[in-house]
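# Topology and contacts: notes
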Amino acid sequence: MRNYLISFSLLACITCCSTAVEAALPKGMFRLGVDTTIFRAGFIRQEPDGGDPRDFDAVSVGIGLPQAGLNFGGSIANGLVFGARVTIGLNEDDQIFEDDSYLLWSVLPYLEFIFMRRVFRPFLTVIVGAEGVGRYRDDDTWWWGFKALGGGGFHFFVHRHVSIDLTLLAGFVGGGGELNNNDFHHRRFTTQCLLGVSGWF
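Residues numbered from 1 in each chain as written. Predicted model: local features only at pLDDT ≥ 70, side-chain atom pairs only at ≥ 80, totals over all residues. Heavy atoms only, no water.

### Some points on the overall build of the protein chain
Per the secondary structure count, the protein chain includes one helix and nine strands. Going residue by residue from the N terminus, the α and β elements of the protein chain occur as α-β-β-β-β-β-β-β-β-β. Taking all 201 residues of the protein chain together, 42% fall into the buried category. The long-range share in the protein chain, meaning contacts at least 24 apart out of those at least 6 apart in sequence, stands at 63%. As displayed, the protein chain has an accessible area near 11,100 Å², and 68% of this comes from carbon and sulfur atoms. (Helix = DSSP H or I, 4+ residues; strand = E, 2+ residues; numbered from the N terminus. Buried < 20%, exposed > 50% of the residue type's maximum accessible area, 1.4 Å probe, protein only. Contact = heavy atoms within 4.5 Å. Areas by Shrake-Rupley, 256 points an atom, 1.4 Å probe, with all protein chains shown as cover.)

Right under this line is the structure:
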């Protein structure tokens, strides 16, 4: 009797797990959405080339940042979405430079795996791309970097074709820049929270 109970329990667990990880979106779906950064935090290490050998370390935190991104992609397999988040616009603050107006851009391809078929659909994601910032009134103040992030979140479907999206990410940015005709390298550990809305067609 005990062996039957163990066998039945194992079969039930396997069935439940298989149901829980069944992917939500069939192949061929197209995603188009917009999102914004509602929270960001990072640790920055900035190293000037030549001259002063001292490093610059700082912590940056921002809430309710006025940054918008366009998110588009498509499901290449059941529940697996390949796409990109593209951002371009003005930013009133930057993680490295002092307060001013900056032109922000990013191109961030991603892979995302979505679980379950219900209204609430969690996902995991991996992002690798590039981003940069420049003071649009000054050609001598800018930085760029390669960016790698991982994380997850959920899509809350308020309609079969519309979802509200919350994404939590953490990762690394590394690259170079220029400030007052002085070159520097920078490395950043960054975390951020994105809120958006997507259409699925």
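### Structural notes on the environment of Gly134
In this fold, Gly134 is placed in strand β6 (residues 120–134). It is 5.4 Å that separates the C-alpha atoms of Gly134 and Tyr102, two residues lying 32 residues apart in sequence. Residues within four places of Gly134 in sequence aside, it is in contact with Tyr102, Leu103, Thr141 and Trp142.

### Notes on the packing of aromatic side chains
Following the criterion strictly, the structure yields four aromatic pairs and no others. An angle of 35° between the planes, with centres 5.0 Å apart, marks the rings of Phe120 and Phe154 as tilted. Placement of the pair is Phe120 in strand β6 and Phe154 in strand β7 (residues 142–159), with a sequence separation of 34 residues. The class of Phe154 is partly exposed, set by a relative accessible area of 25%. When the ring of Phe157 is compared with that of Trp200, the centres are 6.0 Å apart and the planes differ by 35°; the resulting orientation is tilted. Here the residue Phe157 occupies a position in strand β7, and Trp200 occupies one in strand β9 (residues 182–200), the gap between them amounting to 43 residues. (Phe/Tyr/Trp six-rings, centres within 6.5 Å; stacked < 30°, edge-to-face > 60°.)

### Remarks on the pairing of strand β1 (residues 30–48)
Consecutive residues of a regular strand have side chains that alternate between opposite faces of the sheet. Taken together, the seven bridges between β1 and strand β3 (residues 68–77) define a ladder with antiparallel strand orientation. Across the sheet, Asp35 pairs through a bridge with Gly69, a residue of β3. One ladder, built from 17 bridges, connects β1 with β9; its direction is antiparallel. Each bridged residue has a counterpart across the sheet, and for Phe43 the counterpart in β9 is Phe189. (Pairing = 2+ DSSP bridges.)

### Brief notes about the side chain of Thr167
Checked against the element boundaries, Thr167 lands in strand β8 (residues 162–179). Taking the relative accessible area as the measure of exposure, Thr167 reaches 13% and is therefore buried. Not counting residues within four places of it along the chain, the set of residues in contact with Thr167 comprises Phe123, Gly152, Gly153, Gln192, Cys193 and Leu194.

### Observations concerning the nonpolar core
In globular proteins that are soluble, nonpolar side chains generally tend to be buried together. Among the nonpolar cores identified, the biggest contains 13 residues, and Leu25, Val81, Ile114, Ile127, Leu169 and Trp200 are the most heavily contacted of them. Of all the secondary-structure elements, those providing two or more residues to this core are β5 (102–114), β6, β7 and β9. Sort the elements by how many residues they give to this core and β5 lands first, with three residues. If you look at the next biggest cluster of nonpolar residues, it comprises eight residues, including Ile44, Ile96, Leu104 and Phe184. (Core = buried A, V, L, I, M, F, W, Y, C linked by side-chain atoms within 4.5 Å.)

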